[in-house]
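A look at the structure
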There are 2 protein chains.
Amino acid sequence: MKIVIIGSGNVATILAEKLFANNIFIAQIIARNLDTGKALSQKTHAQYTDNYEDIEKDADVYLICVQDDFLPEVAGKLEKVLPKKSLVVHTTGSASIKVLEYISSQYGVLYPLQSLRKENESVQEIPFFLDASTPEALEKLQLLAKNISSNIAFANDEQRIRLHIAAVFVSNFPNYLYSIADSFCEQHGIDFKFLLPLMEETVNRLHHFSPKEIQTGPAARGDISTIKKHETILQKENPEILDIYSFLTEKILNSRTD
Amino acid sequence: MKIVIIGSGNVATILAEKLFANNIFIAQIIARNLDTGKALSQKTHAQYTDNYEDIEKDADVYLICVQDDFLPEVAGKLEKVLPKKSLVVHTTGSASIKVLEYISSQYGVLYPLQSLRKENESVQEIPFFLDASTPEALEKLQLLAKNISSNIAFANDEQRIRLHIAAVFVSNFPNYLYSIADSFCEQHGIDFKFLLPLMEETVNRLHHFSPKEIQTGPAARGDISTIKKHETILQKENPEILDIYSFLTEKILNSRTD
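Residues numbered from 1 in each chain as written. Chains lettered and ligands numbered in written order. Predicted model: local features only at pLDDT ≥ 70, side-chain atom pairs only at ≥ 80, totals over all residues. Heavy atoms only, no water.

Describing the relation of the copies chain B and chain A
Copies of the same chain, two in number, are related to each other by a rotation about an axis and a translation along it. When chain B is fitted to chain A, the best match, at an RMSD of 0.0 Å, comes from turning it 180° and sliding it 0.0 Å along the axis. Such a turn and shift between the copies fits a two-fold axis. Scanning chain B for the C-alpha nearest the rotation axis identifies P174 of chain B, at a separation of 2.5 Å. Both copies present the same face, since 100% of the interface residues in chain B are matched by interface residues at the equivalent positions in chain A. (Least-squares fit on C-alpha atoms with pLDDT ≥ 70 in both. Contact = heavy atoms within 4.5 Å.)

Description of the domain arrangement of chain A
Accessible area lost upon the coming together of the parts is a frequently used measure of interface size. All names here are of chain A. On domain assignment, one finds that chain A holds domain 1 (2–155) and domain 2 (161–255). On a C-alpha basis, the centroid separation for the pair domain 1 and domain 2 is 36 Å. Taken together, the contact pairs 7 residues of domain 1 with 5 residues of domain 2. Carbon and sulfur atoms supply 63% of the area that domain 1 and domain 2 bury against each other, a total of about 490 Å² over both sides. Sorting the residues of domain 1 by area buried against domain 2 places S94, Y111 and L113 first, and these three jointly supply 60% of that buried surface. Along the contact surface separating domain 1 from domain 2 lie 0 salt bridges. Here the side of domain 1 that touches domain 2 is composed, by residue class, of 4 nonpolar, 3 polar and no charged. (Domains from an automatic or database assignment. Buried area = accessible area lost by both parts, 1.4 Å probe. Salt bridge = Lys/Arg side-chain N within 4 Å of Asp/Glu carboxyl O. Nonpolar A, V, L, I, M, F, W, Y, C, P; charged D, E, K, R; others polar.)

Things to note about the interface of chain B and chain A
Taken together, the 92 residues of chain B in the interface contact 92 residues of chain A. Viewed at the interface, chain A and chain B are joined by 6 salt bridges. A salt bridge links D68 of chain B to K229 of chain A; the nearest nitrogen and oxygen atoms lie 3.7 Å apart. Linking chain B with chain A are 39 residue pairs in polar contact (both at pLDDT 80 or more), by the criterion used here. (Polar contact = N/O pair within 3.5 Å; in protein donor to acceptor, adjacent residues only side chain to side chain.)

Brief notes about the sheet that holds strand β3 (residues 47–49) of chain A
All names here are of chain A. In space, the 8 strands of this open sheet follow the order β3-β2-β1-β4-β5-β6-β7-β8, with mixed pairing throughout. In this open sheet, the two strands that pair with only one neighbour each are β3 and β8 (152–154). Going from strand to strand, the sheet's axes swing by 25° on average, the running direction of each strand aside. Relative to β3, strand β2 (residues 25–30) runs parallel, the two being bridged by 3 bridges. Each residue of the ladder has a partner; that of Q28, found in β3, is Q47. (Pairing = 2+ DSSP bridges. Helix = DSSP H or I, 4+ residues; strand = E, 2+ residues; numbered from the N terminus. Axes fitted to C-alpha atoms, helices over the stretch in contact; angles between N-to-C directions.)

Regarding the side chain of N238 of chain A
Residues and elements named next belong to chain A. Note on placement: N238 falls in the loop between α7 (224–237) and α8 (239–255). Only 2.7 Å separates the side chain of N238 from the side chain of Q187, close enough to count as a polar contact. In contact with N238, not counting residues within four places along its chain, are F184, Q187, H188 and I233.

Structural notes on the nonpolar core
With 130 residues, the main nonpolar core has F169 of chain A together with F169 of chain B as its most contacted residues. Discounting chain neighbours no more than four positions away, the residues touching F169 of chain A are P174 of chain A together with L177, I180, A181, L234, I241, I244 and Y245 of chain B. (Core = buried A, V, L, I, M, F, W, Y, C linked by side-chain atoms within 4.5 Å. Buried < 20%, exposed > 50% of the residue type's maximum accessible area, 1.4 Å probe, protein only.)

Remarks on the packing of helix α5 (residues 157–187) of chain B against helix α8 (residues 239–255) of chain B
When two helices pack together, you describe them by how their axes are tilted relative to each other and by the distance separating the axes. Residues and elements named next belong to chain B. Running from N to C, α5 and α8 cross one another at 130°; their axes reach a closest spacing of 12 Å. In terms of their interaxial angle, α5 and α8 are classed as oblique. Both α5 and α8 take part in a crossing whose hand is left-handed. Of the residues in α8, those in contact with Y176, L177, I180 and F184 of α5 are I241, I244 and L248. Of the residues contributing to the contact of α5 with α8, the split by class is 7 nonpolar, no polar and no charged. (Parallel < 35°, antiparallel > 145°, perpendicular 65-115°, else oblique. Left-handed = near helix turned anticlockwise from the far one by under 90°.)

Take a look at the structure:
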């Protein structure tokens, strides 16, 4: 298989490195950003260009790894230069597969349900959700995905954007709460690393229990006196995070009577 | 060592089982709740009573595993029945060590920084934070804690309640967000289990990166068009969680310009 990757950000980097590590030929990286584009092309032994006129015309898959906002622009450029039967694929959770339909008859989505940052190459398992315009396109995409993951499923536009919303709730939002706790610990001379076993346990037990049945903490047990103590401290020392504490505490308190 | 445990809830159960599994002699469980008290005493080969008059007078440690709210009441009862040199210990993050001072000259805290639910006996690592009124009490507590954990540190009242606040942010709040995502997935026919690798990765990478430097998602990259798409769907289908999505998204957007 011969792949062309459009983009050089987090998703482009992690996917390109995974593919390269599994002996998939990455012919070309097309990216506006010269520095990250060249860096990625060197790491994956690919050509680099920022000019769509120079695109390789005979790749098996064109993998678009750019933000939703830039998808229409990239699609417009690809439409001008690609043969009409090229397999063109985007990788975002919240854009329709249809943004690619006027480029080619063969198009699809390869959505990695994982938090990808180029600094963190060690990410183990990436579940992929596929969609495609034709059975042939789907088959080719499956072949590609199987090289870099054993966790592959199908999701159409409606399912994929809902997966993305769920991902925001279970990853982006918790990570933001971790960053608040990290700053709070640093300010109070506490080693944030002490919290890691707790964080790991909170996730690990979800293999066996639903999060609702295993909720703990002062709000879950209606322990108002502890909540008041916490709020008094935050009011005095960290008023900037008091509203987050109170907002989520109130939500958990209310969910008890659901 | 001979231990008496007061309580039969989540913390009492997990600690009693860990101690029992490590061959520490649990002489007695004192608990108001007949069912859970008897169940725990059977599991740990201990006596059961709900009457403080019947307390074993010569235990090495009296481990109070009740909610903050009940601590003063339990302390009042123990003060009437225990010898004045008994080592009395509570296990909560947000109550002062001082709630025990009028029972005995030997008192302390053994705070498990972990989310403990009796359903989930498999919890691996429990970091413990100790405090004690005397060096002798501290030594005895360390000896006890070493039997069930290799991750032991010291924390006074001020440090412990701040650890508890941090724990709420990294465990109770994320678990609540998981429960929202779980309901959302169920409603939309998505298998919640697909999200587990993402949740695990979000925590695992914190061994190597700070949460702030590794934040991902539409809010972190200022991707307003994706945020609007998500909010439109939630508005229509899940208005009950739209305010949480918007509240935390706004927080992350604002944190970008910090």
